[in-house]
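# Examination of the molecular architecture
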Amino acid sequence: MKKYIGCDLGGTNLRAAIVDVENGSVLHQMSIPCLAREGHDAVMRRMADLFLQVIQSAGMKKEDIGGIGIGAPGVLDLEKGETLFLPNLHGTWPHVPLRDTIRKLTGLPTALLNDVRSITNGEWRFGAGRGVDTIAVFAIGTGIGGGLVINGQLHLGIGGTGGELGHITIDFNGPRCGCGKYGCLEAYASGPAIAAMGMKAVSQGLTTCIADLCEYDLNRITPELIARAARTGDEIAIDIYEKAGFYLGVTAANVCVALGPRRIIIGGGVAQAGDLLLEPIRRTLRERVSVMPIEQVEVVQSQLGDNAGVIGVACWVAKES
Ligand SMILES: [Zn+2]
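What comes next is a walk through the structure. (Residues numbered from 1 in each chain as written. Predicted model: local features only at pLDDT ≥ 70, side-chain atom pairs only at ≥ 80, totals over all residues. Heavy atoms only, no water.)

Further remarks concern helix α9 (residues 275–288). Given a rise of 1.5 Å per residue, 14 residues ought to cover 20 Å, and the 19 Å separating the end C-alpha atoms of α9 matches this to within 8%. Restricting attention to buried positions, one finds in α9 the residues L277, L278, P280, I281, T284 and L285. One face of α9 carries all of its buried residues, which in axial projection span an arc of 165 degrees. Summarising the geometry of α9, the exposed residues directed more than 90 degrees from the buried face are R286 and E287. Against β8 (135–140), α8 (235–259), β11 (263–267) and β12 (298–301) lie the buried residues of α9. (Helix = DSSP H or I, 4+ residues; strand = E, 2+ residues; numbered from the N terminus. Expected span 1.5 Å × (residues − 1). Buried < 20%, exposed > 50% of the residue type's maximum accessible area, 1.4 Å probe, protein only. Arc of directions from axis to C-beta. Contact = heavy atoms within 4.5 Å.)

And the structure:
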């Protein structure tokens, strides 16, 4: 049985993993700096070298590899195999023929997928979404990515652009979002949005141990620090997670009435807060949804951590090639 390479193309690092798609295990992996400033041609050459290196250092041959899946952080055209807009990479990669370039440089079948759709596929096949046919994934970090599996299929939509759950509007008159539009979930419940609530509380002079934990340096306030404060019983910190969970819950409620998912999976760094974040999401769902059996919808934390994306995109290319 051939193995597959899953690649995570990040703004900072390039990661390549050899994955056994039968059981979702990562057999071997390597990571190098992306050096995105050098431009897309240089990055693609470095990617191709990395793939050939990871095969060699795993003691394998090119013939042992069935294909390469690349998870890319942004908007893609899956039909043409091009990147359209990668906001975190220098030059944003408009119409870069990533799939065919890697195919040519390595001689291996190659497929692209958005990074959070890769995570969604990984969690569905081998993580928190195992065994059910419809799931919604929210990946909360610097932004909020999303992905859907509907009726046993990773949902793609036009060119793979479907499933951007972080950009569902939750306030018509809301603040500007990273996507350039207004009032998206991401502007309310992303890592920076949660940190900003902590900064505001401290600069308002509210009584909260967030101030002590950051030693009155607002730049040190992170979602993780606020979660630590909340675990000591700090009311302001608990309230911040209640608010973020409420916004996520309202969005998840909309997704529930649209899709009737079995499971809502919360991933990304911010999900480390666990029940601090998950409980208000569950409560909001119960309060807001009556037209489908909301008590049957499970809200759970992701399981595969950093490996979800490389596993998911390796499974994706195994199915496509
Ligand atoms: Zn947005």
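Having seen the structure, we can now continue with the description.
Here the focus is unusual backbone geometry. For W93, which is not glycine, the phi torsion reads 55 degrees and is therefore positive. Relative to the helices and strands, W93 resides in the loop between β6 (82–85) and α2 (98–106). Phi at Y216 is positive, roughly 60 degrees, even though this residue is not glycine. Mapped onto the elements of the fold, Y216 is located in the loop between α6 (210–213) and α7 (223–231).

Moving on to the sheet that holds strand β7 (residues 110–114). Within the open sheet, the five strands sit side by side as β3-β2-β1-β4-β7. Their pairing is mixed. In the strand order of this sheet, the two ends are held by β3 (25–33) and β7, each with one partner. When strand polarity is set aside, the average angle formed by the axes of neighbouring strands in this sheet is 20 degrees. Sheet topology places strand β2 (residues 13–20) next to β3; eight bridges connect them, and they run antiparallel. If you follow A17 over to β3, its bridge partner there is Q29. Of the strands in this sheet, β4 (65–72) and β7 touch helix α3 (residues 115–126), which is tilted by about 95 degrees from β7. Where helix α10 (residues 308–320) meets the sheet, its contacts fall on β1 (3–9), β2, β3, β4 and β7, and the angle it forms with β1 comes to roughly 130 degrees. (Pairing = 2+ DSSP bridges. Axes fitted to C-alpha atoms, helices over the stretch in contact; angles between N-to-C directions.)

Pairing is mixed in the open sheet, where five strands are placed in the order β10-β9-β8-β11-β12. Edge strands, defined here as strands with exactly one partner in the open sheet, are β10 (153–154) and β12. Contacts from α8 reach β8, β9 (144–150) and β11 within the one sheet, and its direction differs from that of β8 by about 155 degrees.

Taking burial as the measure, the five residues of β11 include five buried ones, the bulk of the element. Side chains R263, I265 and G267 project from β11 onto one buried face, and the interleaved I264 and I266 project onto a second face that is buried too. Relative to β11, β8 is paired through five bridges, and the arrangement is parallel. Across the sheet, V137 pairs through a bridge with I265, a residue of β11. Here four bridges tie β11 to β12, and the two strands are oriented parallel to one another. Bridging from a neighbouring strand, R263 pairs with E298 of β12. At this point the chain moves from β11, through α9, to the parallel β12, and the crossover so formed is right-handed. (Right-handed = clockwise from strand over helix to strand, strands pointing away.)

Any functional reading would require information beyond the geometric quantities listed.
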